[in-house]
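Listed here are the chains, written in short residue letters.
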Amino acid sequence: MVKVNENYGKLPGSYLFSEVARRIAAYTAAHPEANIIKLSIGDVTRPLAPAVIEAMHQAVEEMGTFEGFHGYGPEQGYPFLREAIAQFDYRERGVDIKPEEIFVSDGAKSDCGNIGDIFGVDNKVAVCDPVYPVYVDTNAMAGRAGEYQEETGRWSNLIYMPCVEENGFAPVPPKERADIIYLCFPNNPTGSMATREQLQQWVDYANANGSVILYDSAYEAFITGPDIPHSIFEIEGARTCAIEFRSFSKTAGFTGNRCAYTVVPMELERSGVKLNAMWNRRQTTKFNGVPYVVQRGAAAIYTPQGRQQIMESISYYQRNAQVIREGLTQAGLECFGGVNAPYIWLKTPDRMGSWDFFDLVLDRANVAITPGVGFGPSGEGYVRLTAFGDAQATCQAVERIRKML
Ligand code: MLT
């Protein structure tokens, strides 16, 4: 009889956003008249930039000709896109990243999950609490997380780094030695940002301990402050200890288009092996590359028109973040994030439980949000709101929550 991966059996319940969707669907089925405004999953709502559409149209036309047809592309991404990323996302900001260090993929979520393939099962993994659930669940699936403990909502083998109001929702390196460290800035879910000094502490810790930092900067485009690092590679010493994940999803509205990339520097070696070579081996074996048409669309965001157009969408979402933050603060709620990030981390009134507040807001205001505890035990008593909605609907949602209060 075949043996299944028993680690799956240890996973509690369903994936957070599936559970949120299930509850919204159940509520809608029971209240078909309800007009639910969704500020739950961070999915973009603005259409693709005209420059992206034009580039994709052209690429489709090319695909219809013998000369322009593209079959399997390079698994690592087409040179035109890797070169544009190296130039505009890094060199222009004074960071030397080479195209060979960039691996184009179908999503930061997949890469954050798949990167575990190149690490041994015995590594000690450190995660923020609260945290994007993909980091925890994929380590649990791989057998690195140990056992799930119902009472604490934690996995026995993971190191949890509480991100709470007292530390500005940015963790400090743990006393215990961590081999693999997941950091996400701008942070999902709290919307916090780490300073250059804080990131330097992490890089120094990782280099001193032989650890690897897995740095998720999928929300980098939302950084507003001039001195805030956009990339871990702006930090001295990061090339020998960090891997960075970036995505076109939130930057350019590609959630339905699927395109992202991962940077693995050539200098990053562990156990005498270059992780760039290992990731290349993994990708060439298990991944066949992102469609040519999609990569052409992604490359168009680096043209002058493309850049301007995606900035307009980002500003639109940033205005939504401001509306949520200011509107709910005026209503007497405590809000965090939403300045350098598209997420607002809201403290529930009267220490109400996250799921209770989720249900209340869904029922009384017909607004769907995300319960903070779904991101980890330290998220209890918080909820997350996304700024990726339609502007009018966002204003309406804030108004409804204010009235409800
Ligand atoms: C979120 O809501 O946290 C994100 O949309 C999830 C994702 O990007 O996979």
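Please read these numbers as outputs of a predicted model, since none were measured by experiment.

What counts, and where the lines are drawn
Residues numbered from 1 in each chain as written. Predicted model: local features only at pLDDT ≥ 70, side-chain atom pairs only at ≥ 80, totals over all residues. Heavy atoms only, no water. Domains from an automatic or database assignment. Buried area = accessible area lost by both parts, 1.4 Å probe. Salt bridge = Lys/Arg side-chain N within 4 Å of Asp/Glu carboxyl O. Helix = DSSP H or I, 4+ residues; strand = E, 2+ residues; numbered from the N terminus. Phe/Tyr/Trp six-rings, centres within 6.5 Å; stacked < 30°, edge-to-face > 60°. Lys NZ or Arg CZ within 6 Å of the ring centre and 35° of its normal. Near = heavy atom within 4 Å. Polar contact = N/O pair within 3.5 Å; in protein donor to acceptor, adjacent residues only side chain to side chain. Areas by Shrake-Rupley, 256 points an atom, 1.4 Å probe, with all protein chains shown as cover. Nonpolar A, V, L, I, M, F, W, Y, C, P; charged D, E, K, R; others polar. Buried < 20%, exposed > 50% of the residue type's maximum accessible area, 1.4 Å probe, protein only.

## Regarding the domain arrangement of the protein
One frequently used descriptor of interface size is the decrease in accessible area upon assembly of the parts.
Okay, so step 1: The domains assigned to the protein are domain 1 (6-47 + 307-404) and domain 2 (53-304).
Okay, so step 2: Using C-alpha coordinates to define each centre, domain 1 is positioned 24 Å away from domain 2.
Okay, so step 3: Approximately 3,400 Å² of surface area, both sides summed, lies buried where domain 1 meets domain 2, with 60% of it carried by carbon and sulfur atoms.
Okay, so step 4: There are three salt bridges connecting domain 1 and domain 2.
Okay, so step 5: Counting residues per element, the side of domain 1 that touches domain 2 draws most heavily on helix α11 (residues 304-330), at six residues.

## Thoughts on the packing of aromatic side chains
Okay, so step 1: For the coordinates displayed, the defined rule picks out 25 aromatic pairs.
Okay, so step 2: In this structure an aromatic cluster arises from ring pairing among Tyr 15, Phe 17, Phe 169, Phe 336, Trp 345, Phe 375 and Tyr 382.
Okay, so step 3: In this structure, Arg 296 is placed above the aromatic ring of Phe 80, and the distance from its NZ or CZ to the ring centre is 3.6 Å.

## Focus on the site of the ligand
Okay, so step 1: In the vicinity of the ligand, the contacting residues are Phe 17, Ile 41, Gly 42, Lys 109, Tyr 132, Asn 188, Tyr 219, Lys 250, Tyr 343 and Arg 384.
Okay, so step 2: A distance of 2.7 Å separates an oxygen atom of the ligand from a polar side-chain atom of Arg 384.
Okay, so step 3: Here the ligand loses 85% of its free accessible area of 270 Å² to cover by the protein chains.
Okay, so step 4: The residue makeup of the shell around the ligand, split by class, is five nonpolar, two polar and three charged.
Okay, so step 5: Two domains each put at least three residues into the shell around the ligand: domain 1 (6-47 + 307-404) and domain 2 (53-304).

## Structural notes on the pattern of salt bridges
Okay, so step 1: Inspection of the entire model under this criterion finds 21 salt bridges.
Okay, so step 2: Between Arg 23 and Asp 359 there is a salt bridge whose closest N-O contact spans 3.3 Å. With a gap of 336 residues between them, Arg 23 in helix α2 (residues 16-30) and Asp 359 in helix α12 (residues 354-365) connect regions that are remote in the sequence.
Okay, so step 3: Accessibility expressed as a relative area gives 24% for Arg 23, which makes it partly exposed.
Okay, so step 4: In this structure, Arg 246 engages Glu 220 in a salt bridge whose closest nitrogen and oxygen atoms are separated by 3.6 Å. Placement of the pair is Arg 246 in strand β9 (residues 242-247) and Glu 220 in the loop between β8 (212-216) and β9, with a sequence separation of 26 residues.

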